[in-house]
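# A structural walkthrough
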Amino acid sequence: MNRGMGLAQNYETFKTDINKTLGIDLNAYKEQQMRRRINQWLNRYDLESFDELIRKIQDDPEHRSRFTEYLTINTSHFFRDTTVFSAIDSTVIPDITRHNKRPRIWSAGASIGAEIYSIAIMLAEKGVTARELLATDIDQAILTKAEAGVYHENQISNIEPVLLSKYFIREGTNSYVIHDGIRRQVTFRQHDLLKDPYQRDFDLILCRNVFIYFTAETQKRLISNFVESLRPGGYFVVGSAEQIMDPGSYDLQRVSYCIYQKT
């Protein structure tokens, strides 16, 4: 029997403890999906109960960091979903940089930073400098990794060889470091999408493969917040499994696969 399911009956208490300990509100996440991930963690580290896990993350900073990264699902790589990035390159960027405008761009749930660095590279290829490139995540540890700009070769597999040689330096046998000229353009900041205020007047916001972990009610609230953060005519990009069913109700119109524009 799965010991997580068998011994950790009081999930409500656990959610309260996690919120107090890590500041993460599990009520906003899909329960079945999240419980399955947590139970897998219990089994992986031979922990007998939710209570034991709470004690572990309170007493062991390294375990706390690993568990937070696992819980917030930090998985990404450069130019993830080439169809979407192709549309951003051909449609979105030319629009938001029209008349030499310097755009403000936000990557929410930025994880390892691959997404915002991909955007920075695309802008550089067009000779454009953004007014702001903001990358946020709830996990400070993963933001620290993103800011360092060091990536394993499997995370840069979608990058064309000419761009790889232009914007990265090989380090060791299977790691690459992004050039300082790109890295310094990005501001990394800890931000909780569920609790913290949102900045305004962005030309482009990307929040991809984040909504799928939240309840439907939370998704609606977040989409509304993001739309309020866009300037009129700004663009909002979601993940391939996160199509917005009724974009008009949020003052959005679909312009391409996974891409919406504020009307």
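Residues numbered from 1 in each chain as written. Predicted model: local features only at pLDDT ≥ 70, side-chain atom pairs only at ≥ 80, totals over all residues. Heavy atoms only, no water.

### As for the confidence of the model for the protein chain
Scored by pLDDT, the protein chain comes out at a mean of 90, with 95% of its residues at no less than 70. Note on residues 1-8: pLDDT is under 50 here. Beyond four places in sequence and across chains, it has 16 contacts. (pLDDT = per-residue confidence, 0-100. Contact = heavy atoms within 4.5 Å.)

### Regarding the nonpolar core
Ranked by size, the top nonpolar core spans 89 residues in total, and within it I88, F168, F226 and F236 carry the most contacts. It is helix α7 (residues 114-125) that contributes the most residues to this core, eight residues altogether. (Core = buried A, V, L, I, M, F, W, Y, C linked by side-chain atoms within 4.5 Å. Buried < 20%, exposed > 50% of the residue type's maximum accessible area, 1.4 Å probe, protein only. Helix = DSSP H or I, 4+ residues; strand = E, 2+ residues; numbered from the N terminus.)

### With respect to the sheet that holds strand β4 (residues 168-171)
If you walk across this open sheet you meet the three strands as β3-β5-β4, and the pairing is antiparallel. Whereas interior strands pair on both sides, the edge strands pair on one side only; in this sheet they are β3 (150-152) and β4. Between one strand axis and the next, the sheet turns through 35 degrees on average, direction left out of account. When β3 meets strand β5 (residues 175-178), the two strands line up antiparallel, connected through three bridges. Residue pairing across strands places V150 opposite V177, the latter belonging to β5. (Pairing = 2+ DSSP bridges. Axes fitted to C-alpha atoms, helices over the stretch in contact; angles between N-to-C directions.)

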